[in-house]
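Residue-level structural notes
The lines below spell out each chain.
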Amino acid sequence: MSFLVQLAAEEAENPLIPPIPELVIGFIAFVIVFGFLAKKLLPNINKVLEERREAIEGGIEKAEAAQTEAQSVLEQYKAQLAEARHEAARLRQEAQEQGATLIAEMRAEGQRQREEIIAAGHAQIEADRKAAAQSLRQDVGQLATDLAGKLVGESLDDYARQSRTIDRFLGELEEKAEAAR
């Protein structure tokens, strides 16, 4: 038995197994501290964790909404840019057409003015030719009258006679010229 007593005494002195009253006091203290933490600290911790979770989820939702809005704005800008490019191309085409029309009108106006200038030139030449012919007719008539007066030996100062003589002489010249053609 001494062995058993010695074993019981060793058991009581075993540092790994605490005495029962210490175990009970430790358990009661643990329950009190755990209860205090569960009542006071755990709700605050859960509240802070819930706020963080909501903030993170809210941030993610806001980021997704901002990304969706940015994508929508980007699509709108792309559509406006495409529309502006289309409008610019249309205006450029319209300007080219107006330029071509303007060039055609200016060419037609230039052609018309050229024709008017040519017609005026021909009319001026014709008037100058008639004036030159009239002047030549008078000069030739005067020379012919003077020559005829010298040949006939009398003065042909009478204007009516002079005019008839000149007209007859020039008429004969014109007939000869046409017959020679």
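Residues numbered from 1 in each chain as written. Predicted model: local features only at pLDDT ≥ 70, side-chain atom pairs only at ≥ 80, totals over all residues. Heavy atoms only, no water.

**Some remarks on the overall build of the protein**
If you tally the helices and strands in the protein, you get three helices and zero strands. Tracing the protein from N to C terminus, the helices and strands come up as α-α-α. If you sum the accessible surface of the protein, you get close to 15,900 Å²; carbon and sulfur atoms cover 62% of it. (Helix = DSSP H or I, 4+ residues; strand = E, 2+ residues; numbered from the N terminus. Areas by Shrake-Rupley, 256 points an atom, 1.4 Å probe, with all protein chains shown as cover.)

**A look at the packing of aromatic side chains**
If you walk through the whole model with that rule in mind, you get one aromatic pair. Pairing Phe-30 with Phe-34 gives two aromatic rings, centres 6.0 Å apart and planes at 20°, and the pair type is stacked. In this pair, Phe-30 and Phe-34 both sit in helix 2 (residues 20-152), four residues apart, roughly one turn of the helix. An identical accessibility class is assigned to Phe-30 and Phe-34; each is exposed. (Phe/Tyr/Trp six-rings, centres within 6.5 Å; stacked < 30°, edge-to-face > 60°. Buried < 20%, exposed > 50% of the residue type's maximum accessible area, 1.4 Å probe, protein only.)

**Topic: the pattern of salt bridges**
Applying the stated criterion across every chain, the model contains eight salt bridges. Between Glu-57 and Arg-53 there is a salt bridge, with its nearest N and O atoms 2.9 Å apart. Taken together, the positions of Glu-57 and Arg-53, both in helix 2 and four residues apart, correspond to about one turn of that helix. By relative accessible area, Glu-57 is classed as partly exposed at 37%. Across the pair Arg-114 and Glu-115 runs a salt bridge whose closest N-O atoms are separated by 3.2 Å. For Arg-114, a relative accessible area of 40% puts it in the partly exposed group. (Salt bridge = Lys/Arg side-chain N within 4 Å of Asp/Glu carboxyl O.)

**As for a nonpolar patch on the surface**
A cluster of nonpolar side chains, namely Ile-20, Val-24, Phe-27, Ile-28, Phe-30, Val-31, Ile-32 and Phe-34, defines an oily patch on the protein surface of about 860 Å² accessible area. Within the secondary structure layout, Ile-20 lies in helix 2. For Ile-20, a relative accessible area of 60% translates into the label exposed. (Patch = residues over 30% accessible without salt bridge, like charges linked within 9 Å, V, L, I, M, F, W, Y side chains within 5 Å.)

**Some points on the confidence of the model for the protein**
The predicted model of the protein has a mean per-residue pLDDT of 83, with 85% of residues at 70 or higher. The least confident element of the protein, judged by mean pLDDT, is helix 1 (residues 2-13) at 59; the most confident is helix 2 at 88. (pLDDT = per-residue confidence, 0-100.)

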